[in-house]
Structures are given as C-alpha cells and as structure tokens.
Amino acid sequence: SDEALAQFSGSHVAYVGEWGSGMTGTRGLHTKLLRHFTLEKRVKLPCWPQLRVELFLFQRRKVSSKPLAEEPLESTPLVCDACGASGSSLWRCPWSRQFCVCGESCFDASAETHKALLAVCFCGAAVSERPALALWEPCAWLEHGASNTARRWAALKEATPQAEPRPKRGLD
C-alpha cells in the first residue's frame, strides 16, 4: 500500500480501513496520507465487532514553499464519539473497538449510546453492563512485536475469524 500511494499521482484517495491500528494499513501509509493529503470526509461503515472500518476521503495537499517535513503533521483523524474532541488521548472499547472516548466524563455521558452499539455488536442481545474505562485500550498504533501489545493482539485473534489449517492427507 505504501508503494501504491507513492506511485499515485491523482488528487483524491479513498481509504477504507481502521485508522491508526495496524489492522488494515501500515504506519507508513497512514503517515503519508496525513503528510501529503488533507482529510475531507469520514464515513463510518457497518462492520463486524472488533473492527472499526471507515471510509476516509483525502485530497492531495497543494504544493507549498515549505518542505513537507516542516509542515505540521496531524496525529490522527480519530475523534471522541461522545464530544467530537480530537487528539491522541482517546480510549477504544475493548468489546467492540467501534467506540472511542476521550475521558471519564465522556465515558459516563455516552453510556446509553455505547450500550446500544454493543447490542448491535452482540446481535441484539440486551447489554446491562459495559467494560469499565480502566479496561479500555488506547487508540494507539498496534504493531506486532511492540511492547505491551500482546494482550490486545490475543484479544483480536480470539474475536476475529482465523483460517483453520487444512489437515495433511497421506499418500494412498
């Protein structure tokens, strides 16, 4: 994906995936999109639990007199689902990965909305509780082999379908 973006000369990019997690794109791809393009629109898409897939529409930045390395780099297009605040201190629901909050007050204020989302993720089952904020994961890059990510990768592996190895057949 990094190479395809490097070779792309068009003015607009449509990226469908989970932002900033390593699940659907590389860190390099996300960095290049933010450095060379401006986010015009985000559209949440229906998706399975444990994945927050969205459509991100970008427009290429105008060539400026400043070198790109000196231009400010937006850290993430993710925002708090309760108040709309952006920033790097967002927390993601570990049960759905589809809901983010920026702190305790937004966590408390979003209880009804979050429970409704969890009911959708759990095929309509009533949700009486939700995970405590202390159990939520940071909306930070999830990279294989990085420190403190083994638990998150294990939870994702358990929650998402995995290909079963085919049994080897003996020669007759």
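Scroll up to find the structure.
Parameters and conventions
- Residues numbered from 1 in each chain as written.
- Predicted model: local features only at pLDDT ≥ 70, side-chain atom pairs only at ≥ 80, totals over all residues.
- Heavy atoms only, no water.
- Buried < 20%, exposed > 50% of the residue type's maximum accessible area, 1.4 Å probe, protein only.
- Helix = DSSP H or I, 4+ residues; strand = E, 2+ residues; numbered from the N terminus.
- Arc of directions from axis to C-beta.
- Core = buried A, V, L, I, M, F, W, Y, C linked by side-chain atoms within 4.5 Å.
- Salt bridge = Lys/Arg side-chain N within 4 Å of Asp/Glu carboxyl O.
- Pairing = 2+ DSSP bridges.

A.B. asks: How would you summarise helix α2 (residues 27–36) if you had to cite specific residues and measurements?
C.D. replies: Since the α-helix advances by 3.6 residues per turn, residues separated by three or four positions end up pointing in the same direction. For α2, the set of buried residues is Leu29, His30, Leu33 and Leu34. Seen end-on, α2 carries its buried residues on one side only, within an arc spanning 125 degrees.

A.B. asks: Kindly report on helix α4 (residues 111–121), identifying the contributing residues and their values.
C.D. replies: For α4, the full list of buried residues reads His114, Leu117, Leu118, Ala119 and Cys121. One or two residues past the end of α4 sits Cys123, with phi positive at roughly 55 degrees.

A.B. asks: Report on the nonpolar core, specifying residues and quantitative values.
C.D. replies: The biggest cluster of nonpolar side chains holds 27 residues, and the ones touching the most others in it are Tyr15, Trp19, Leu33, Phe58, Val101 and Trp136. Residue assignment for this core shows that the elements contributing at least two residues are β1 (12–17), α2, β3 (54–60), β5 (100–101), α3 (104–109) and α4. Per element, the largest residue contribution to this core is 4 residues, and it comes from α4.

A.B. asks: Let's hear about the pattern of salt bridges: which residues, and what values?
C.D. replies: Within this structure, the stated rule accounts for 7 salt bridges. The residue Lys44 makes a salt bridge to Asp81 at a minimum N-O spacing of 2.8 Å. Here Lys44 is found in strand β2 (residues 37–44), whereas its partner Asp81 is found in the loop between β3 and β4 (91–92), with 37 residues between them in sequence. A salt bridge links Arg52 to Asp81; its shortest N-O distance comes to 2.8 Å. Remark: Asp81 occurs in the loop between β3 and β4 and Arg52 occurs in the loop between β2 and β3; sequence separation between them is 29 residues.

A.B. asks: Quick rundown of the sheet that holds β4? Include the residues and the values.
C.D. replies: Reading across from one edge, β5-β4-β6 is the order of the 3 strands in this open sheet, with antiparallel pairing throughout. Each of the sheet's edge strands pairs with one partner strand only, and the pair in question is β5 and β6 (137–138). Here β4 runs beside β5; their pairing, made up of 2 bridges, is antiparallel. By the bridge assignment, Trp91 is partnered in β5 with Val101.

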